[in-house]
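What follows is each chain in one-letter form.
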Amino acid sequence: MDPPEEDFDNFEPEVYDDFDRPYSSNYDNNSRNGYYSTQRKISLNDADDNHLDEAELEGLVMTNNTTTSRVGSKSKTAAPLYLHYTKQLRQKCAPVIALLSLAWTPRYRTTSCIALLFIAFISSVILTSDEENAWHNSLLSHTSSKSTFVYKNTKYDPFASVNSNQRHYILKSIYGFWGFFDGGADDRPKEPYMTVENAGNPFLDLTESKFPEESWQADAVYANHFQDAGAKLVVRAKEAIYATYHGYGLKNVQATDEADDTVTWELENIDERLQERINMFMVSQEVDLGSITSAEALDEIAPSWKEKGGWTTSRSWDGLKRRLLHALMTNSPFTVVVTGSWQSMGYGGNHGHQSMAATMESLLGPLFDKLNVQLVVRAIGLPPLTGLNSQEENDLMVGGRSTLIHSLGWSSIYGSDVDMVVWDDYNLENGQSDETAKALFDLFARQALLAGDTSLPFLWGGDFDVLRNLHESADVDVGQLGNAMAGVDETDSESAASSLEWAAQYLKCSSKTQRYCDGESYKFDSHCWVDHGGNAPPTPQLDHIPVLPTAIGWRMHQIKGYTLSYNILAALDDAIDFWAEKTIFEGHPLADENWHMGEYITNVQDKVKALTESDAPHCFQLEELMKLPKRLCKSRMKGRTEHTPRANPADTSLRTVITNSDVSVESDGLYEGYLSDDAMIHSGEVNPIEIANLGKDPSNAKERHLLQKRWLRQRVMRRADDKSSGRVLLSSMIRSTNQRTTAIGDIKSQPQRRLDKIEPGDGWKVLHTFPGDKCDGSIISTGCGALKSSECLLEGHQGSRGGVGGIESVGWLVLKASGVESGFVALNLELCNTLPDSFVLEYAIENGETRTMS
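This is a predicted model, so every value here is computed, not measured. (Residues numbered from 1 in each chain as written. Predicted model: local features only at pLDDT ≥ 70, side-chain atom pairs only at ≥ 80, totals over all residues. Heavy atoms only, no water.)

**Digging into the state of the cysteines**
Stage number 1. With the rule as written, the count across this model stands at four disulfides.
Stage number 2. Across a sulfur-sulfur distance of 2.2 Å, Cys528 and Cys792 are joined as a disulfide pair. Taking the sign of the S-S torsion, -90° for the link of Cys528 and Cys792, the bridge is left-handed. Taken as a pair, Cys528 in the loop between α20 (520-523) and α21 (554-586) and Cys792 in the loop between β15 (765-767) and β16 (800-805) lie far apart in primary sequence, 264 residues in all.
Stage number 3. Classification of Cys528 as buried rests on a relative accessible area of 0%.
Stage number 4. For Cys792, a relative accessible area of 0% puts it in the buried group.
Stage number 5. Described in terms of the sequence order of its bonded cysteines, the disulfide pattern of the protein is 1-2, 3-8, 4-5, 6-7. (Disulfide = S-S within 2.5 Å. Helix = DSSP H or I, 4+ residues; strand = E, 2+ residues; numbered from the N terminus. Buried < 20%, exposed > 50% of the residue type's maximum accessible area, 1.4 Å probe, protein only.)

Here it is in structure tokens:
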């Protein structure tokens, strides 16, 4: 057994007189060692100065040695115990005291002062253990941008003393598990009934009478059990999100000596954890946009919404529940689009799977699968640009600009089947925007609302004034998400960080410790290559993804993704409860008015088209600000592009409308070897996906396959030439104007084109994009761009600024656009070099008549 440790915190040093004895009222002054005391006093008092010379030092040491020898001599009378310790102290300390006295002589005083200062400095470095007050950390250490973070974990591990089976048993016992199945599957209708033909409308709004009696929607036994299992599944996932930042809530987990692997444990206060979870992640539904007329007024009513779950209105929340119920009743996909600036999309130092969108999809994808709903997530955003001047960079930082190009082709690029949009293009810390940014977001929002014939997105994020106008004037469902940081424990010091959950470490710091949260080695966690003995990459790999200024760290992306996930789950939980309450009294299937979407969609779209400049002025201001016609605020826009990612990439490519033959895609080719990642979640840390996907038996083949597919890409092997595999290097997609000039300059020069006849020319090329048309913004398409030239094959983002390039000698580029309704055509032209004033763009529309634009 180890000896007990001394209690240094409560130790009180004794005070000594003349370095000889402890003060004591019972101490006999006559029993002191008078010889030593006399010699010391004579030396100090009889001399002309207050220091010792060499001769005095020698005599003092010799005197001390004589005393020491007597202490060790035999005596018939035992010396008092305190005299023994006094003499021991004299024996050890007298030489040191004498040396210090000598050091203070004028001859050595300057040298001694310097030595004492150095000793004090070293002592403060060694003895200071609190990093928050350790001033020497900032002087003697530096967090290098290329340093590697070493994982440390000193927190309590509740499963340290149990085996894997016992651990799984405990998790199932406290969180529950999915065990639902359809006992009447063999009796279900064999012919599809959830069809447009049967519904009589494109929204799949089946009336009660059109559900077959054998359908699951009309089966009370099935539906009741499904509702119960679904509600427990959703609650389990919400608890898993909270546990990611605050642990499992377990203590005193112990394995007994029983042969059946019996274990015991205790739970923390369940009600307290529930309240903390709600306060941390849940949106406020009490916002009344009829009375709250400005962002400043909102901050007064709900001052902490940005650090919690966010806000929405009760009517908007009901609209979100209706969308989810429609997906449950029809087994239709539920589509979420996440878009914004390159920072918000996770570029600049993070893997693609560390972004907000990927975090949400990884957690909720398997859960929606269990509910027979396909969750479709599209993270649509472009990588950062280089070659910008300071004014252009400042404009981008204000917000709103990043999504302009895609807004002009919204229904094609983002998709026409979107149920929810998360817009995050504000880069300023205070979230404020200028008039141009407001106008651009208004255009984005209106195009999103008009994009679908059978869907209508809930809008998360954007400018408050625009959201309020749309909510009050067009019945649009809106809200703004927070970041849940109010519920994150602070990293008080570097050593204290290891006692926090992995997701919470270095996420929230005080002003004194902010240097840790800002340090690249803590803020970013990436690697470009993991060697598992496969094919070596053709291009030397970097150690980690290059970090760009103003990039957001992976932990912030993760908590934003979990905040979004939590509120989707909360709405799903309310929807299932509402479904159960209604059908208990009214029977199955659920009544039409509770889940049909047709009239709901038509009402909002008609009101958006009818908005006037007095109701919602921002979008209309783009005519003055950017010369965009006002009719864009009321007309649906379609588009074609080579930018990636995009919805339905094979159908939305610019090449689908080009009539020129032999328009080749120029690329470096794809890496054909295997790629694999290390585990994202360290052993002993909370894995929310594991909790959310708990099943009856972890060895079940189907469940094991699901976990392998969704578990945060843990050691997942992907093949680059497969539809669901690959990576792309961020830096290779950051194209400067000089790079574009060089690429286009490689096009073979041909004779000057003839203007008297419009014919498709030869020599046009698709540049700076990925081959294969597979980048759609989802997790399974992260392999759309593992280029051989990539210096970071595991980077995993899908963004590229592809385009069709040519020079004046390659002839006409002819595009055939179908389905044009409002007579507006826009081209995004990226022209190389500075153009002369005499430059003229020649174009022709429909009848072949040549026109010019200078």
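**Re the pairing of strand β8 (residues 420-424)**
Successive residues of a regular strand alternate their side chains across the two faces of the sheet.
Stage number 1. In terms of residue burial, β8 counts as a mostly covered element, since five of its five residues are buried.
Stage number 2. Of the pairings in the sheet, the one linking strand β6 (residues 334-340) to β8 comprises five bridges and is parallel in character. Paired with Val336 across the two strands is Met420, which belongs to β8.
Stage number 3. Where β8 and strand β9 (residues 458-460) come together, three bridges link them in parallel fashion. Opposite Val421, over in β9, you have Leu459 as the bridge partner. (Pairing = 2+ DSSP bridges.)

**Examining a nonpolar patch on the surface**
Stage number 1. Together, Val820, Val825, Leu827 and Leu829 make up a nonpolar patch on the protein surface, roughly 400 Å² of accessible area in all.
Stage number 2. Relative to the helices and strands, Leu829 is located in the loop between β16 and β17 (841-844).
Stage number 3. For Leu829, a relative accessible area of 45% corresponds to the partly exposed category. (Patch = residues over 30% accessible without salt bridge, like charges linked within 9 Å, V, L, I, M, F, W, Y side chains within 5 Å. Areas by Shrake-Rupley, 256 points an atom, 1.4 Å probe, with all protein chains shown as cover. Salt bridge = Lys/Arg side-chain N within 4 Å of Asp/Glu carboxyl O.)

**Examining helix α12 (residues 356-370)**
Stage number 1. With 15 residues, α12 should reach 21 Å at 1.5 Å per residue; the first-to-last C-alpha distance of 22 Å fits that figure.
Stage number 2. Most pronounced at Leu364, the bend in α12 amounts to some 35°, and the proline Pro366 follows within four residues.
Stage number 3. Along α12, 14 of the 15 residues are buried, which leaves the element largely enclosed by surrounding structure. (Expected span 1.5 Å × (residues − 1). Bend = angle between axes of the 7 residues up to and from the residue.)

**Let's talk about the nonpolar core**
Stage number 1. Of all hydrophobic cores here, the largest spans 77 residues; its most connected members are Tyr245, Leu320, Phe334, Phe368 and Leu572.
Stage number 2. When residues of this core are assigned to their parent elements, the largest contribution, twelve residues, is made by α21.
Stage number 3. Residues in contact with Leu572, not counting those within four places in the same chain, are Val234, Leu324, Leu328, Leu367, Phe368 and Leu371.
Stage number 4. Judged by nonpolar contacts, the second largest core, of 38 residues, contains Trp305, Ala445, Leu450 and Leu459. (Core = buried A, V, L, I, M, F, W, Y, C linked by side-chain atoms within 4.5 Å. Contact = heavy atoms within 4.5 Å.)

**Focus: the environment of Ser473**
Stage number 1. When you line up the elements, Ser473 lands in helix α17 (residues 464-474).
Stage number 2. When the C-alpha positions of Ser473 and Asp615 are compared, they lie 6.8 Å apart, and in sequence the two are 142 residues distant.
Stage number 3. Excluding its chain neighbours within four sequence positions, the residues that come into contact with Ser473 are Lys607, Leu611 and Asp615.

**Notes on empty space enclosed by the protein**
Stage number 1. This model, assessed by the stated rule, comprises six cavities of 30 Å³ or more.
Stage number 2. Lining the largest cavity are 22 residues, with Gly352, Ser355, Ala379, Gly777 and Gln798 sitting closest to its centre.
Stage number 3. For the lining of the largest cavity, the secondary-structure elements that each account for two or more residues are α12 and β7 (375-380).
Stage number 4. The element best represented in the lining of the largest cavity is α12, accounting for four residues.
Stage number 5. Looking at the lining of the largest cavity residue by residue, the class counts come to ten nonpolar, eleven polar and one charged. (1 Å grid on protein atoms, 1.4 Å probe; cavity = no way out; pocket = protein on both sides within 12 Å on 5 of 7 lines; lining within 4 Å. Points joined across faces, edges and corners; volume = space filled by probe spheres on them. Nonpolar A, V, L, I, M, F, W, Y, C, P; charged D, E, K, R; others polar.)

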